[in-house]
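# Breakdown of the fold
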Amino acid sequence: IGLSHDFAKYTEYFQKQLRGERVKKELARHAFLSALMGSWLVKKELNDDLLTTIALLCIDSHHTGLKNLDTYRGLRNKATQAVVIKQLDSMKANLDRISKEMGEIGVPYVKEFITGYESCIEEIEKSVHKVIRKINFGMNEEDAWGSYLTTLLLFSSLIDADRRDAAMVSVSNSHFHLSREIVLRFKQQKFEAVETKPIINMRNELFSIVDKRLDELLKENNLPNLMTLTAPTGSGKTLLGFYTALRLCEKVSKEHGVSPRIIYCLPYITIVDQTHTTIHNALSIWVGRNPEVDLLLKHHHLSLPEIVNGESPLDKALLMTESWDSKVIVSTFEQLVRTVINRDTASIRRFHNIANSIIILDEVQAFPLEYMGLIRSLLTNLAEKLNIKIILMSATIPLLFKGKNSLELVPNSERLYTKLDRYTLYPSISSTIDVQNFVDEIFLRSWDFKSSVLIVLNKIETSKLVYNRIV
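Analysis parameters
- Residues numbered from 1 in each chain as written.
- Predicted model: local features only at pLDDT ≥ 70, side-chain atom pairs only at ≥ 80, totals over all residues.
- Heavy atoms only, no water.
- Helix = DSSP H or I, 4+ residues; strand = E, 2+ residues; numbered from the N terminus.
- Contact = heavy atoms within 4.5 Å.
- Core = buried A, V, L, I, M, F, W, Y, C linked by side-chain atoms within 4.5 Å.
- Buried < 20%, exposed > 50% of the residue type's maximum accessible area, 1.4 Å probe, protein only.
- Patch = residues over 30% accessible without salt bridge, like charges linked within 9 Å, V, L, I, M, F, W, Y side chains within 5 Å.
- Areas by Shrake-Rupley, 256 points an atom, 1.4 Å probe, with all protein chains shown as cover.
- Salt bridge = Lys/Arg side-chain N within 4 Å of Asp/Glu carboxyl O.

The subject of this paragraph is the environment of Glu322. Within the fold, Glu322 resides in helix H15 (residues 314-323). Sequence separation between Glu322 and Arg349 is 27 residues; the distance between their C-alpha atoms is 7.5 Å. Sequence-distant contacts of Glu322, defined by excluding residues within four places in its chain, comprise Ala346, Arg349 and Arg350.

Within the largest apolar cluster, 73 residues are counted, with the highest numbers of intra-cluster contacts made by Leu36, Phe113 and Leu361. If near-sequence neighbours (up to four positions away) are discounted, Leu361 is found in contact with Cys265, Phe333, Leu336, Phe367, Leu379, Ile390, Ile391, Leu392 and Met393. Membership of the second largest hydrophobic core comes to 44 residues, among which are Phe207, Leu248, Ile279 and Leu416.

Here we take up a nonpolar patch on the surface. A contiguous nonpolar surface patch, about 330 Å² in accessible area, is contributed by Tyr467, Ile470 and Val471. Along the chain, the position of Tyr467 falls in helix H21 (residues 460-470). For Tyr467, a relative accessible area of 53% puts it in the exposed group.

Here we come to unusual backbone geometry. In this structure, Asn47 is a non-glycine residue whose phi angle is positive, near 50°. Mapped onto the elements, Asn47 comes out in the loop between helix H3 (31-46) and helix H4 (49-61). We note that Glu363 has phi near 60°; this positive angle belongs to a residue other than glycine. Following the sequence through the fold, Glu363 ends up in the loop between strand S5 (358-362) and helix H18 (372-386). We classify Glu363 as partly exposed; its relative accessible area is 26%.

Shown next, in the form of structure tokens:
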């Protein structure tokens, strides 16, 4: 896919455009004819209908965003349009040279493709139609996820490599090995002198419980793909989740010689900023300086890439932000979901960099209820098919994320809640009521006018209505 995605730039029309000459836009376009060549190459090398189809889809989409597969139902008609035939004819004039140059970079079958174009298109079309039929009538959910994630993985790899090549920016070569000592040293410096309080004792107890649990699981080599970490608010889950991910990094690094990425996602920008600050401070102590963008990256729609001491050129910082090419990424749920459920090149571009990673989802209960089923299926398939370990954290893990496919890192976590001064909610309204009756319920029946009362509402509009009703 990578070697053939610009194949049709060999046409005289594209070459004239490069020299600044005026050429009809449709004749200078190269994606579709390149896609046909790439899919033919995959067909010849692998004889796999699905991968042949994915190659066609990826190359043809690499400047536009991922297209719908139904676009290729009439592939033969599109492939024999006058514009495409003109492009093909222009390449025949230099066929020997083109074939020789493509052969030098490992792309065979060029002459076979150009001289036997119609029969090649027929073979490609057969593969595409087989895949479309299977998707529509005979593909189960597991295979559908596999096909979808494979497409994203290859498409992401192509567009990221293409953008880097155009910008002349290489892949990050950071060989920094992530270690649990990052958190241990930070805790030692920041909390060692803190006066012992019940909340500190509980945090230390929770830390020891999870650390011991990880010892057992790593020793037995029995880590599941999905893990939950359930603990009360304020119990130190941010550092504990990061520490858990670091321990997994150590294991992978020991076995494979390289640390995986850690991707820490949260629902809201404010806590993304807070979490980034905590991890930034921990890494600063560990490396002895402010971490650069290839070590730590914050990414949400309002964030800008950080340039440390003027050492990171802006183009490199932007490129690494867009592709998540850092060791530790702190981002939002939205950015993660956009990476996986999307057709836009800007978002899918970073997809290949979440493969083999460790993902932390903090405050996982904040996912909208209507998306919970999709998110669970998405996470399960990401973990299984892309070798990802996922840690779900919350004080209230949704039941949908618990069960045989996940493992709780805090056994009997309920007892931790009894050590804190907690509030219990007792619902007293059994049916839907309007604002007027809601206020009447509070002031006429629920409040004794002696103690304080707090009214919590979920919309500004509703807050105004209640306020106006009160005054």
